[in-house]
Amino acid sequence: DTAVSQTPKYLVTQMGNDKSIKCEQNLGHDTMYWYKQDSKKFLKIMFSYNNKELIINETVPNRFSPKSPDKAHLNLHINSLELGDSAVYFCASSQVGPPGATEAFFGQGTRLTVV
Amino acid sequence: AQSVTQLDSHVSVSEGTPVLLRCNYSSSYSPSLFWYVQHPNKGLQLLLKYTSAATLVKGINGFEAEFKKSETSFHLTKPSAHMSDAAEYFCVVSAGTYKYIFGTGTRLKVLA
């Protein structure tokens, strides 16, 4: 049973389109994340949610809108896609609490290609 | 502020020889540190973690790392490289701030 699952795995779309990526975790964690991995493999946080509340929005354009309907789900909707949005997007989850963070569990990634 | 620096972007070793991937961190708080591995076109898998218990941490597939506060380092080692170890390795820091900060990655190449 997959711990963090995201769909779709591949997404090819034209510039200007709107698309969504879904993420679900069955680990009972209270915190979920979206990360973007660029072509040089660099991973940068986009958003983090704790108990469905937005905690971090790391200067991501407004075209990206995360939604967390419950603790187990964090979806990412992207409006007006641009060529520069092409990347691999990873969803992750963790249980955050004292004395510090435990490890994050990552999904398999969604490779988004904007043409 | 927290950060991690992976000192080598590429490391090449021969199969059967030791592996050393270097990581230095910066954190205002007592950090949690992790190493993740990413095989080509795959997701991220946790190799090992340090969360203020033993300073020498053993992970999966024969990897281990030592937390050295005085040197602010968390280097990853393996006594004998295997072809299947070829991948991208990421050093990661977190201090309970709802984000994990990744290093820029080290690509490990294993030569036959």
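All values derive from a computational prediction rather than experimental measurement.

Calculation notes
- Residues numbered from 1 in each chain as written.
- Chains lettered and ligands numbered in written order.
- Predicted model: local features only at pLDDT ≥ 70, side-chain atom pairs only at ≥ 80, totals over all residues.
- Heavy atoms only, no water.
- Helix = DSSP H or I, 4+ residues; strand = E, 2+ residues; numbered from the N terminus.
- Buried < 20%, exposed > 50% of the residue type's maximum accessible area, 1.4 Å probe, protein only.
- Contact = heavy atoms within 4.5 Å.
- Areas by Shrake-Rupley, 256 points an atom, 1.4 Å probe, with all protein chains shown as cover.
- Lys, Arg positive; Asp, Glu negative; His and termini not counted.
- Charge placed at Lys NZ, Arg CZ, Asp CG, Glu CD.
- Pairing = 2+ DSSP bridges.
- Axes fitted to C-alpha atoms, helices over the stretch in contact; angles between N-to-C directions.
- Core = buried A, V, L, I, M, F, W, Y, C linked by side-chain atoms within 4.5 Å.

Asker: So what about the overall build of chain B? Which residues, and what values?
Answerer: Counting secondary structure elements, chain B contains 0 helices and 12 strands. Overall, chain B shows an N-to-C arrangement of helices and strands of β-β-β-β-β-β-β-β-β-β-β-β. Relative to its 112 residues, chain B shows a buried fraction of 45%. Look at the contacts in chain B between residues 6 or more apart in sequence, and 56% of them connect residues 24 or more apart. For chain B, the exposed area adds up to about 5300 Å²; of that, 52% sits on carbon and sulfur atoms. If the 10 positive side-chain charges of chain B are averaged to one point and the 7 negative ones to another, these points end up 6 Å apart.

Asker: Tell me about the sheet that holds strand β3 (residues 19–25) of chain A, and name the residues and values.
Answerer: Each strand in a sheet pairs with another by means of backbone hydrogen bonds, the pair being arranged parallel or else antiparallel. Residue and element names in this part refer to chain A. Taken in spatial order, the 4 strands make up an open sheet running β1-β3-β8-β7, and their pairing is antiparallel. Each edge of the open sheet is held by one strand with a lone partner, namely β1 (4–7) and β7 (64–70). Going across the sheet, the axis of each strand differs from the next one's by a mean of 15°, ignoring polarity. Direction of pairing for β3 relative to strand β8 (residues 73–78): antiparallel, over a ladder of 4 bridges.

Asker: Please provide a residue-by-residue account of the nonpolar core, values included.
Answerer: The biggest cluster of nonpolar side chains holds 27 residues, and the ones touching the most others in it are Trp35(B), Leu48(B), Phe74(B), Leu76(B) and Tyr89(B). Element by element, the count of residues in this core is highest for strand β10 (residues 87–94) of chain B, at 4 residues. Within the second largest apolar cluster, 20 residues are counted, among which are Ile21(A), Met46(A), Leu76(A) and Leu112(A).

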